[in-house]
Amino acid sequence: MKILFGASGHAKVIAEILQKRGESICKIVDDAPKCEQIFGVPVKHSSGIDLSEYEVIIAIGNNEIRQKIAQQYSCRYATAIHPSATVSEYAVVGNGTVVMANAVINPDARIGEHCIINTGAVVEHDCNIAAFVHISPNASLAGNVEVGEGTHIGIGASVIQGIKIGKWAVVGAGAVVIRDVPDYATVVGNPARIIKIKE
């Protein structure tokens, strides 16, 4: 039986993916629940629940919070891949990762644990995506792109082949990345330029 940790809009998408795959969700837990159910699945407070009894998916879009929860709880993490997604049999998808509708993951791509490959995103051949990354809707990574831990690639962004994007970076919506991006940098525009680097 599966359980979702997090009861936000992101949880709705994951719940629907699992339902479309015919997989049952026994409950959804949250540290501060704001609703009683999602699509008929009861939402409960996370306190007092032994997550080790279930397969868990962290249904939270924020990369840092997803990492904190994964580090806090020792349990079995499941994946959720939408039936309309195209995932090569030669790709690797880590535990806890979710792949949304119409996303594409091509051969020899490696997706780390607890990532989000969002609606219509494209991860081309030989890409290496570290843990806790979010590739937003309609973002496209060409072949041999590397993305470091915790980085967020914004909606509709494009990254040319062979680019290296550091950890905990942010690529703004619609950005066109033609140069490597350092750790903790935020880049925007076409071509993408650095506007700040987190301390």
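To be clear, the structure that these remarks concern was listed above.
What comes next concerns the included structure. (Residues numbered from 1 in each chain as written. Predicted model: local features only at pLDDT ≥ 70, side-chain atom pairs only at ≥ 80, totals over all residues. Heavy atoms only, no water.)

### Looking at the side chain of H134
Thinking step 1. Tracing the chain through its elements places H134 in strand β16 (residues 134-135).
Thinking step 2. Classification of H134 by relative accessible area gives buried; the value is 11%.
Thinking step 3. Residue contacts for H134: discarding those within four places in its chain leaves G61, N63, I116, N118, T151, H152 and I153. (Helix = DSSP H or I, 4+ residues; strand = E, 2+ residues; numbered from the N terminus. Buried < 20%, exposed > 50% of the residue type's maximum accessible area, 1.4 Å probe, protein only. Contact = heavy atoms within 4.5 Å.)

### Structural notes on the packing of aromatic side chains
Thinking step 1. Per the stated rule, a full pass over the model turns up 1 aromatic pair.
Thinking step 2. Ring centres of F5 and Y73 lie 5.4 Å apart, and the angle between their planes is 50 degrees; on these two criteria the pair is classed as tilted. Residue F5 is found in strand β1 (residues 2-5), and its partner Y73 is found in the loop between α2 (63-72) and β6 (76-77); the two are separated by 68 residues along the sequence.
Thinking step 3. Residue classification places F5 among the buried residues on the basis of a relative accessible area of 2%. (Phe/Tyr/Trp six-rings, centres within 6.5 Å; stacked < 30°, edge-to-face > 60°.)

### Some words on the sheet that holds strand β9 (residues 92-93)
Thinking step 1. The strand order β9-β12-β15-β18-β21 describes an open sheet built from 5 strands, whose pairing is parallel. Only two strands of the sheet have a single partner each, and these edge strands are β9 and β21 (164-165).
Thinking step 2. The pairing of β9 with strand β12 (residues 110-111) spans 2 bridges and is parallel. When the sheet's bridge partners are listed, V93 is paired in β12 with I111. (Pairing = 2+ DSSP bridges.)

### Description of the pairing of strand β24 (residues 185-188)
Thinking step 1. Inspection of the sheet shows strand β22 (residues 170-171) paired to β24 by 2 bridges, in the parallel sense. Considered in β24, the bridge of V170 is made with T186.
Thinking step 2. Where β24 lies against strand β25 (residues 193-197), 4 bridges are found, and the strand directions are antiparallel. By the bridge assignment, V188 is partnered in β25 with R193.

### What about the sheet that holds β22?
Thinking step 1. Pairing is mixed in the open sheet, where 8 strands are placed in the order β7-β10-β13-β16-β19-β22-β24-β25. Here the strands that pair on one side only, and so sit at the sheet edges, are β7 (80-81) and β25.

### What to know about a nonpolar patch on the surface
Thinking step 1. Together, Y184, I194 and I197 give the surface a local cluster of nonpolar side chains, amounting to about 260 Å² of exposed area.
Thinking step 2. Along the chain, I197 turns up in strand β25.
Thinking step 3. With a relative accessible area of 43%, I197 lands in the partly exposed category. (Patch = residues over 30% accessible without salt bridge, like charges linked within 9 Å, V, L, I, M, F, W, Y side chains within 5 Å. Areas by Shrake-Rupley, 256 points an atom, 1.4 Å probe, with all protein chains shown as cover. Salt bridge = Lys/Arg side-chain N within 4 Å of Asp/Glu carboxyl O.)

### With respect to the nonpolar core
The nonpolar side chains of soluble globular proteins are, as a tendency, buried together.
Thinking step 1. With 32 residues, the main nonpolar core has I117, V123, I129, L141, I153 and I165 as its most contacted residues.
Thinking step 2. If we ignore the near neighbours within four places in the chain, the residues touching I117 are V98, V99, M100, A103, I105, I111, V123 and I135.
Thinking step 3. Counting 19 residues, the second largest nonpolar core, distinct from the first, contains I17, I25, V41 and A78. (Core = buried A, V, L, I, M, F, W, Y, C linked by side-chain atoms within 4.5 Å.)

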